Amino acid sequence: MIKTDILIIGAGPTGLFTVFEAGLLKLKCHLIDALPQPGGQCSEIYPKKPIYDIPAFPEILAGDLVSNLMKQIEPFQPGFTLGERAQTIEKLEDNTFIVTTNKGTKHHAPIVAIAGGLGSFEPRKPPITNISEFEDKGVEYIIRDPELYRNKKVIIAGGGDSALDWSIFLTDVAQSVALVHRRNEFRGALDSVEKVQELKNAGKIELLTPAEIIGIVGETNVEGVSIKRGAEVFNKECDHFIPLFGLAPKLGPIADWGLEIEKNAIKVDNTLDYQTNIPGIYAIGDVNTYPGKLKLILCGFHEATLMCQSAYQRIFPDKRYVMKYTTVGGVEGFDGSKKEAPKAVVKSID
């Protein structure tokens, strides 16, 4: 049995930052995540993509943001249960909780913070009958490491931001890039659409619209795809076929925990402390919903901060916590480390 003060379900940016805010309150955290490494979507889906709205970082790669968060929380020595999904929850008579994973690992805590982003994800797959036979053999639904496509022939399908952005990015990596979309119009940001058009005019991207990929060519690995454009059907050679039609989020087993759910998100108490309808269970980050909700990482950081204050009062109802700025009190880690501003030197005057 793993025991902790706050059990965090989801090790994305919001979950990781919760460790820091809890650590300032001397609260210990343990995180559960179905992915094999911390970072959530930032690590799994777009580690090499830049993020532009993190305060004090005009631009930071998603993977670097995760690395910085891991470094920031290191003094607070969080525990991790990775590669396992939170499956069931049991509320005990003392109002604490036992959360058991799909692999049977049990966790005991007085506070549960659900920071699972949008939940678990499944890629939306094109209706190609034998596509599953080529998964990880030239068919990828998520680009994790762009170097996999170095000097390769790549065909991307899709019409949203992800398809546009990766088509642009891979022009500097792949031998060739073709973008296939069933419409002439794209759903992505205007500057991305314009950039793709520029690269097409420069001969760096082959743009096939309106068109649709209807089959995969190859024996054991992808050797090409079959494309339908109007009445014409033709094959095009490639090493990798990447259908980027988005990911379908699902709450998974958490949806059966008795929480109030609204449109695949967990309802919370309208920004007071992000507590759910079950006292002691909180939901922070993209997984929650309330009037005015914005699904932004920086909003998740704010929600984590207020949640930890509420969690402290729930764990220690007879204690009054007086908040001190880190510029005043510093940061004292559970490992004995301490960061603090230099003390002013007072000299007497004769």
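It should be noted that the structure appears before, not after, this text.
The structure reproduced in this document is the subject of the present report. (Residues numbered from 1 in each chain as written. Predicted model: local features only at pLDDT ≥ 70, side-chain atom pairs only at ≥ 80, totals over all residues. Heavy atoms only, no water.)

This part takes up the overall build of the protein chain. A count of helical and extended segments in the protein chain gives seven helices and 25 strands. Here the C-alpha coordinates of the protein chain stretch approximately 85 × 65 × 35 Å along the principal axes. Intrachain contacts of the protein chain at a sequence separation of at least 6 include 58% that bridge at least 24 residues. Of the roughly 18200 Å² that the protein chain leaves accessible, carbon and sulfur atoms contribute 51%. Each charge class in the protein chain was averaged separately, 39 positive and 45 negative side chains, and the resulting centres sit 2 Å apart. (Helix = DSSP H or I, 4+ residues; strand = E, 2+ residues; numbered from the N terminus. Contact = heavy atoms within 4.5 Å. Areas by Shrake-Rupley, 256 points an atom, 1.4 Å probe, with all protein chains shown as cover. Lys, Arg positive; Asp, Glu negative; His and termini not counted. Charge placed at Lys NZ, Arg CZ, Asp CG, Glu CD.)

A separate point is the pattern of salt bridges. Tallied over the entire structure, the rule returns 10 salt bridges. Note that Lys-153 and Glu-237 form a salt bridge whose closest N and O atoms lie 3.4 Å from each other. Here Lys-153 is found in strand S12 (residues 153-157), whereas its partner Glu-237 is found in strand S17 (residues 232-237), with 84 residues between them in sequence. Where Glu-303 meets Lys-293, a salt bridge forms, and the shortest distance between an N and an O atom there is 2.9 Å. Here the residue Glu-303 occupies a position in helix H6 (residues 297-315), and Lys-293 occupies one in the loop between strand S23 (288-289) and H6, the gap between them amounting to 10 residues. Judged by relative accessible area, which is 16%, Lys-293 ranks as buried. Among the charged side chains, a network of salt bridges with common partners joins Glu-260, Glu-262 and Lys-267. (Salt bridge = Lys/Arg side-chain N within 4 Å of Asp/Glu carboxyl O. Buried < 20%, exposed > 50% of the residue type's maximum accessible area, 1.4 Å probe, protein only.)

Here Ile-73 shows up in helix H3 (residues 62-73). Under the relative-accessibility criterion, Ile-73 is labelled buried at 1%. Excluding anything up to four places from it in sequence, Ile-73 contacts Leu-16, Val-19, Phe-20 and Pro-78.

With that settled, consider a negative patch on the surface. Together, Asp-161, Asp-191, Glu-194 and Glu-198 make up a region of like negative charge exposed at the surface. The element best represented in the negative patch is helix H5 (residues 190-201), accounting for three residues. Summarising the element assignment, Glu-198 is placed in helix H5. (Patch = residues over 30% accessible without salt bridge, like charges linked within 9 Å, V, L, I, M, F, W, Y side chains within 5 Å.)

Spatially, the four strands line up as an open sheet ordered S14-S13-S12-S18, and their pairing is parallel. Strand pairing shows two members of the sheet lacking a second neighbour, strand S14 (206-208) and strand S18 (240-243), which therefore form its edges. When the angles between neighbouring strand axes are averaged without regard to direction, this sheet yields 20°. The sheet contact formed by S12 and S18 spans four bridges and is parallel. Residue pairing in the sheet places Val-154 in a bridge with His-240 of S18. Relative to the sheet, helix H4 (residues 161-170) contacts S12, strand S13 (176-180) and S18, its axis offset from that of S12 by approximately 165°. (Pairing = 2+ DSSP bridges. Axes fitted to C-alpha atoms, helices over the stretch in contact; angles between N-to-C directions.)

Looking now at the nonpolar core. Core analysis: the biggest nonpolar cluster contains 56 residues, and Ile-6 and Ile-114 have the highest contact counts within it. Counting residues per element, the ones that place at least two in this core are strand S2 (6-9), helix H1 (13-24), strand S3 (29-33), H3, strand S8 (97-101), strand S10 (111-114), strand S22 (281-283) and H6. Tallying contributions element by element places H6 first for this core, with seven residues. Beyond its immediate chain neighbours, meaning those up to four positions away, Ile-6 contacts Ala-22, Leu-27, Lys-28, Cys-29, His-30, Ile-111, Ala-113, Cys-308 and Ala-311. Counting 20 residues, the second largest nonpolar core, distinct from the first, contains Ala-163, Ala-174, Val-196 and Ile-205. (Core = buried A, V, L, I, M, F, W, Y, C linked by side-chain atoms within 4.5 Å.)

Okay, the sheet that holds strand S6 (residues 79-82) next. Here five strands make up an open sheet; going across it, the order is S6-S3-S2-S10-S22 and the pairing parallel. Whereas interior strands pair on both sides, the edge strands pair on one side only; in this sheet they are S6 and S22. Between one strand and the next, the sheet's axes are offset by a mean angle of 20°, whatever the strand orientation. Bridge analysis of S2 against S3 gives four bridges, and the strand direction is parallel. Paired with Ile-9 across the bridge in S3 is Ile-32. Each of S2, S3 and S6 touches H1; the most contacted strand, S3, lies at about 175° to it.

A few words on the environment of Ala-265. Looking at the secondary structure, you find Ala-265 in strand S21 (residues 265-267). Taking the relative accessible area as the measure of exposure, Ala-265 reaches 6% and is therefore buried. If sequence neighbours within four positions are ignored, Ala-265 has contacts with Leu-251, Glu-260, Val-287, Asn-288 and Thr-289.

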